[in-house]
Every structure is written in structure tokens, then in C-alpha cells.
Amino acid sequence: MDPLATYIELLKQYNAHTNIYSKTAYDRLPFHCADAGALAQLIGNTDQTVLDMGSGSGLPAVIIAITNPNNTVIAVESKSRKTRFLNSVKTTLNLT
């Protein structure tokens, strides 16, 4: 499965029992992913570190990490329920 599709599926599964992304915003999720993808293209797939403060459900950090595997992406999140989700995504998608 495509990593982006896997991320979206993981987000919806986790969000079904733990609110990390507004369920009423699912129709805007493609826009948010495309927006993060545009940012990932601007950053480029070079050997650099990207920091996402307040990463929430992983936008844009996860999309940047998927799109730019040569980057090191650090997602900082203070809420443990969101941190657990981000760690799960990192492990499942084998992201750095």
C-alpha cells in the first residue's frame, strides 16, 4: 500500500477511538495532505533536519518524511495521545 494511503488509514483508525483530528474535517484531509506535500517539495529531499513543533496528527511532519526520505523529520507534540499515534506511524511506515 502507498505510504500516504497507509498514513490516512492509520489516522482514521486511531481517530475512531482517540480524537487527534476533527472527524468533520475528513473531507479536507486531501487538501491538508496536498498542502503538506507542497511544503515537502519546497524543502526538498536533501540531507537536512526538519522540525515540526506542535505536530498534532502529523501534518505536515509525516508527509514531509514520506516525501523526503533523505530528511530527518522531528515531530514535537506535547499531548501523549498524539505522540503515541505519531510513534505508531513512524514504526509502521519505517520513517526517520
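Each remark here, short or long, concerns the structure printed above.
To keep things clear, this report deals only with the structure shown in the data block. A quick note: this is a predicted structure, and the numbers were derived from the prediction, not measured.

Okay, helix α2 (residues 29-43) next. Taking 1.5 Å as the rise per residue, α2 with 15 residues should run 21 Å; its terminal C-alpha atoms sit 21 Å apart, in good agreement. Those residues of α2 not exposed but buried are Leu 29, Cys 33, Ala 36, Gly 37 and Ala 40. Relative to the axis of α2, the buried residues are bounded by an arc of 105° and lie together on one face. Residues of α2 that are exposed and point more than 90 degrees away from the buried face comprise Phe 31, Ala 34, Gln 41 and Leu 42. Looking at the buried residues of α2, the elements they touch are α1 (3-15) and α3 (61-67).

If you look at the biggest cluster of nonpolar residues, it comprises 24 residues, and the most contacted ones within it are Tyr 7, Leu 11, Leu 59, Val 62, Phe 85 and Val 89. Breaking this core down by element, the ones donating at least two residues are α1, α2, α3 and α4 (80-93). Residue contributions to this core peak at five residues, all from α3. Not counting residues up to four positions away in its chain, the partners in contact with Val 62 are Tyr 7, Leu 86, Val 89, Leu 93 and Leu 95.

Rules behind the numbers
Note that residues are indexed from 1 along each chain, following the sequence as it is written. A pLDDT threshold of at least 70 governs which residues receive local features in this predicted model, and a stricter bar of 80 or more applies before side-chain atom pairs are shown or counted, although totals over entire chains, interfaces and linings include all residues. Processing note: side-chain calculations cover all non-hydrogen atoms of the structure and skip hydrogens and water entirely. Each helix is a run of DSSP H or I of at least 4 residues and each strand a run of E of at least 2, with the numbering of both proceeding from the N terminus. By this rule, a helix spans an expected 1.5 Å times one less than how many residues it contains. Remark: exposure states derive from per-residue accessible area (1.4 Å probe, protein chains only) relative to the maximum for the residue type, with buried under 20%, exposed over 50%, and partly exposed in between. Taken from the helix axis, the directions to the C-beta atoms give the arc we talk about. Should any heavy atoms of two residues lie within 4.5 Å, those residues are considered in contact. Among the buried residues, those of types Ala, Val, Leu, Ile, Met, Phe, Trp, Tyr and Cys that are joined through side-chain atoms within 4.5 Å form a nonpolar core.

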